[in-house]
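# A look at the structure
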Amino acid sequence: MKKRHKIMLARIITAAAGTLLLNVLPLEGILRLVLFTALYLLIGYDILWEALLGLWNRRFLDENFLMAIATVGAFALAVYVKSGDYNEAVAVMLFYQTGELFQSIAVGKSRKNIAELMDIRPDSANVLRGGEVIEVDPAEVAVGEIIVVRPGEKVPLDGVVTEGESTLDTSALTGESVPREIAAGGAVISGCVNLTGLLHIRTEKEFGESTVSRILELVENASSRKSRSEKFISRFARVYTPAVCGAALALAVIPPLCGLGEWHEWFYRALTFLVISCPCALVISIPLTFFAGIGCASREGVLVKGSNYLEALAEVKIVALDKTGTLTRGSFEVTEIIENRVEKEKLLEFAAHAEASSTHPIAKSIVASFGGEIDHSRVTNLREEGGLGVTCEIDGVPVAVGNRKLIADAPEYSGASTAVYVSIDSEFAGILLVADAIKEESREAIAELGKIGTQKCVMLTGDGEAIAEAVSRSLGISEYRASLLPADKLGEVEALLSDKKKVAFVGDGINDAPVLARADVGIAMGAMGSDAAIEAADIVLMKDDPRDVAKAIAISRKCISIVKQNIIFSLAVKFGCLALVAAGLANMWIGIFADVGVMVIAVLNAIRAMRR
Amino acid sequence: MKKIYKIEVDCAHCAAKAEDAAKKVAGVADLSINFMTQKMTVVFVEGADEAKVLKEILGTCRKVERHFDIEM
């Protein structure tokens, strides 16, 4: 609690105790009035002062002004009708102040929580200059300098480890809680926290270009893009308060003029109207809900560029996904081995040795899948057979690895993967099937999208029909578009958009920046380091996990449903109470609930958006 | 000249109101207030007296929201 909050709390407690005491003591007449006035001033002097200042600054109808009029009016009325009941005026002020205090503390606390989640800005960098470690502003470190990062510190700039071994906590960036191992030669992204060992890092980017700056820029600008709900609320607030005040005036004047009752009775109802006329519940809770939703999403590694995108995401019905790099790993891998007379291990070992010196991506994938040590001395007589493959001798045994034309006795393979034929000792030994491996999470990701009510998932790919068909079948995707050039993807997404349903496009940001920008919601995946994607996308998934698409949609839906609950609840209670008050069925106590009570409930509800 | 200041503002709505008001201060080319991170980004008009403009911004914001504060 801030000092200001403590003072307010003390005032509230004193005033509350005082009110109780004055009600028990048998006080009469002028002394009672004086003591109650003192209590009223104790609890409400700042509101009265603000109201005057507001008038001076030409801010009519702000909440202080309304509260001041309502309570002073109630006080005056009690004096006029000689009821001696000054409780109402004091109580209204008391509850209003309590509500404001609570709201201020709760909002401040949750705001701080959200801000802490996003607090990845490094305050300083330790740079190695002339053999000495000096602490400087990260912005002053040049590309190519060596920075020292101790355990517990944030990595201030993107770079490559030159010395040391450690584990990195990337959770602030990705939401991934498992620490990542890092050693010399490994690339490090700024914003990670160094956990265990001392690291020397050669910087590769300036601070302004580093990941942490880009993310901060993105997050800090999020509030400038307002959602429709927020715009609606600020428009509504501009109309609501004057309208209710107008109604209050009419209520105070017209019925008694028509002879429908006493002046003071209608005046009292009008004052109650003023208490209800403050739209605080909405103007405070709605933006808070969006902040909380965006905060919750970023804790999960989902960066949302503005509340308007959170809103759009909640309405997404069609999800178009790029295949390569999004649903698949984007790199080749041996997915299956069909052996003939030799064991699989031996087949892979021989193929890897034969392909070891090739730079072809498929050859590299075979070597990577083998994973073992390559002993180049075993390979002799290596020859590249242009366009066919390689032949060589391994341990003196002739080996050929390549397409079917190279190995005459091989059976034909027909499927969606690329087949690499192997012969050992001049005889067909087996086939290695190489494909762009599907991510393990992809199937689940598609299933989850279906579960949360996405109407349709469409896979877009530049690959041929056979591969597209096989991949989409194994993932359970209902539709796919194959053989697309990068420009065709834009056309396909535009065709989907013409359905008037919200379309999200998920891509890895390579070649598809225009599509990311064109879709209702562009979602870039695994975008750490890819500037174009961060630029073009509306939502950035920090982790390379397609399941986060469904997670992001779920978070956005929860946030939007809280916003709707708050709008409907607040308005229903306010209008309900206005009607009751107008009919003379409710008093100022109900009015204060419609104002402060609703605000407290709405704020508590809004804070829920922070949790998943 | 663009500068970022740490600020103190209590509610999102007040932040938005303060932003609208402060944008109109003479010497301010652009201004944005981020409630969540409690930061204010001010783009000053070329050649403006920054200290003076900032004081003006603070005064304007305080008129809208009493508890507004800029850490300098």
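Residues numbered from 1 in each chain as written. Chains lettered and ligands numbered in written order. Predicted model: local features only at pLDDT ≥ 70, side-chain atom pairs only at ≥ 80, totals over all residues. Heavy atoms only, no water.

Turning our eyes to something else, we now look at the state of the cysteines. Simply put, the disulfide is a covalent bond whose two ends are the sulfur atoms of two cysteines. Residues and elements named next belong to chain A. Counted by the stated rule, this structure contains one disulfide over all chains. In this model C278 forms its disulfide with C280; the gap between the sulfur atoms is 2.2 Å. In this structure the cystine formed by C278 and C280 twists about its S-S bond by roughly 60 degrees; its chirality is therefore right-handed. C280 shares its class with C278; the two are buried. With no disulfide partner, C577 has as its closest neighbouring cysteine sulfur the one in C278, 14 Å distant. (Disulfide = S-S within 2.5 Å. Buried < 20%, exposed > 50% of the residue type's maximum accessible area, 1.4 Å probe, protein only.)

Together, K226, K231, R235 and R238 of chain A line one region of the surface with positive charge. Examined against the element boundaries, K226 of chain A turns out to sit in the loop between α6 (211-220) and α7 (228-257). (Patch = residues over 30% accessible without salt bridge, like charges linked within 9 Å, V, L, I, M, F, W, Y side chains within 5 Å. Areas by Shrake-Rupley, 256 points an atom, 1.4 Å probe, with all protein chains shown as cover. Salt bridge = Lys/Arg side-chain N within 4 Å of Asp/Glu carboxyl O. Lys, Arg positive; Asp, Glu negative; His and termini not counted. Charge placed at Lys NZ, Arg CZ, Asp CG, Glu CD. Helix = DSSP H or I, 4+ residues; strand = E, 2+ residues; numbered from the N terminus.)

So, about the domain arrangement of chain A. The parts lose accessible area when they come together, and the size of an interface is often stated as this lost area. Residues and elements named next belong to chain A. On domain assignment, one finds that chain A holds domain 1 (3-115 + 225-289 + 561-610), domain 2 (125-220), domain 3 (301-320 + 441-558) and domain 4 (329-438). Each of domain 1 and domain 3 has a C-alpha centre, and these two points are 47 Å apart. Listed by partner, the interface residues are nine residues for domain 1 and nine residues for domain 3. Taking both sides of the interface into account, the surface hidden between domain 1 and domain 3 amounts to around 800 Å²; carbon and sulfur atoms contribute 33%. Where domain 1 packs against domain 3, one counts one salt bridge. With a closest N to O distance of 3.0 Å, R228 and E315 form a salt bridge. In this assembly, domain 1 and domain 3 are joined by eight residue pairs in polar contact (both at pLDDT 80 or more). Among the elements that line the side of domain 1 that touches domain 3, the one with the most residues is α7, at three residues. (Domains from an automatic or database assignment. Contact = heavy atoms within 4.5 Å. Buried area = accessible area lost by both parts, 1.4 Å probe. Polar contact = N/O pair within 3.5 Å; in protein donor to acceptor, adjacent residues only side chain to side chain.)

Residue and element names in this part refer to chain B. Two elements, strand β1 (residues 2-8) and strand β3 (residues 39-44), share five bridges in a ladder whose sense is antiparallel. The residue of β3 that forms the bridge with K2 is V43. In the sheet, β1 pairs with strand β4 (residues 69-71) via three bridges, with the strands oriented antiparallel. Following the sheet pairing, K6 is matched in β4 by E71. (Pairing = 2+ DSSP bridges.)

The next point concerns helix α10 (residues 307-314) of chain A. Among the eight residues in α10 of chain A, seven count as buried, and that is most of the element. The set of residues buried in α10 of chain A consists of S307, Y309, L310, E311, A312, L313 and A314 of chain A.

Turning our attention to the sheet that holds strand β18 (residues 456-460) of chain A. Residue and element names in this part refer to chain A. Overall, mixed pairing links the seven strands, which are arranged β10-β22-β21-β20-β11-β18-β19 in an open sheet. Lying at the two open borders of the sheet, with one neighbouring strand each, are β10 (302-304) and β19 (479-481). Along the sheet, successive strands turn relative to each other by an average axial angle of 20 degrees, direction set aside. The pairing of strand β11 (residues 316-322) with strand β20 (residues 502-507) spans five bridges and is parallel. Residue pairing in the sheet places A320 in a bridge with F505 of β20. (Axes fitted to C-alpha atoms, helices over the stretch in contact; angles between N-to-C directions.)

Membership of the largest hydrophobic core comes to 139 residues, with the highest contact counts inside it found for I523 of chain A together with M40, I57, F68 and I70 of chain B. Each of domain 1 (3-115 + 225-289 + 561-610) and domain 3 (301-320 + 441-558) of chain A gives at least three residues to this core. Contacts of M40 of chain B, omitting those with residues within four sequence positions, involve K3, I4, Y5, I7, L31, S32, I33, L54, I57, F68 and I70 of chain B. Grouped together as the second largest cluster of nonpolar side chains are 44 residues, V161, L173, F505 and A537 of chain A included. (Core = buried A, V, L, I, M, F, W, Y, C linked by side-chain atoms within 4.5 Å.)

Our next topic: the confidence of the model for chain A. As a general rule, the predicted coordinates of low-pLDDT regions are not to be interpreted in detail. Residue-level pLDDT values for chain A average 86, and 98% of them are 70 or greater. Here α6 of chain A stands out as the element of chain A with the lowest mean pLDDT, 75, in contrast to helix α19 (residues 547-582) of chain A, whose mean of 94 is the highest. (pLDDT = per-residue confidence, 0-100.)

Before going further, it helps to spend a moment on the pattern of salt bridges. The final tally for this structure, using the stated rule, is 27 salt bridges over all chains. One salt bridge connects K456 of chain A with E479 of chain A, and the closest N-O pair in it is separated by 3.6 Å. With K456 of chain A in strand β18 and E479 of chain A in strand β19, this pair connects stretches of sequence that are 23 residues apart. Residue E19 of chain B is joined to K23 of chain B by a salt bridge in which the shortest nitrogen-to-oxygen separation is 3.9 Å. Highlighted residues: E19 of chain B and K23 of chain B, both in helix α1 (residues 12-23), separated by four residues, approximately one helical turn. Its relative accessible area of 37% is what places K23 of chain B among the partly exposed residues.

All names here are of chain A. Note: strand β13 (residues 379-385) against strand β14 (residues 389-394), five bridges, orientation antiparallel. Within β14, the residue paired with V379 across the bridge is I394. Following β13, the chain reverses through three residues before pairing antiparallel with β14; G387 in that reversal takes a positive phi of roughly 75 degrees.

Right, let's get into the interface of chain B and chain A. Contact residues are listed per partner, giving 16 residues for chain B and 20 residues for chain A. Approximately 1900 Å² of surface area, both sides summed, lies buried where chain B meets chain A, with 57% of it carried by carbon and sulfur atoms. Summed over the three residues of chain B that lose the most area to chain A, namely D10, M36 and R66 of chain B, the buried surface amounts to 34% of that side. Applying the counting rule to chain B against chain A returns zero salt bridges. Joining chain B to chain A, the criterion identifies zero residue pairs in polar contact (both at pLDDT 80 or more). Elements with a minimum of two residues in the side of chain B that touches chain A: α1, β2 (28-34) and α2 (50-64) of chain B. The class makeup of the residues in the side of chain B that touches chain A is six nonpolar, five polar and five charged. (Nonpolar A, V, L, I, M, F, W, Y, C, P; charged D, E, K, R; others polar.)

Turning our attention to the side chain of D538 of chain A. Residues and elements named next belong to chain A. Inspection of the secondary structure puts D538 in the loop between α18 (531-536) and β22 (539-541). Buried charge without a salt bridge: D538, with K305 as the nearest opposite-charge side chain at an N-O distance of 5.9 Å. A polar contact of 2.8 Å, which involves the side chain of D538, links it to the backbone nitrogen of G522. The contact partners of D538, leaving out residues within four places of it in the chain, are L303, V304, K305, Y309, L516, A519, D520, V521 and G522.

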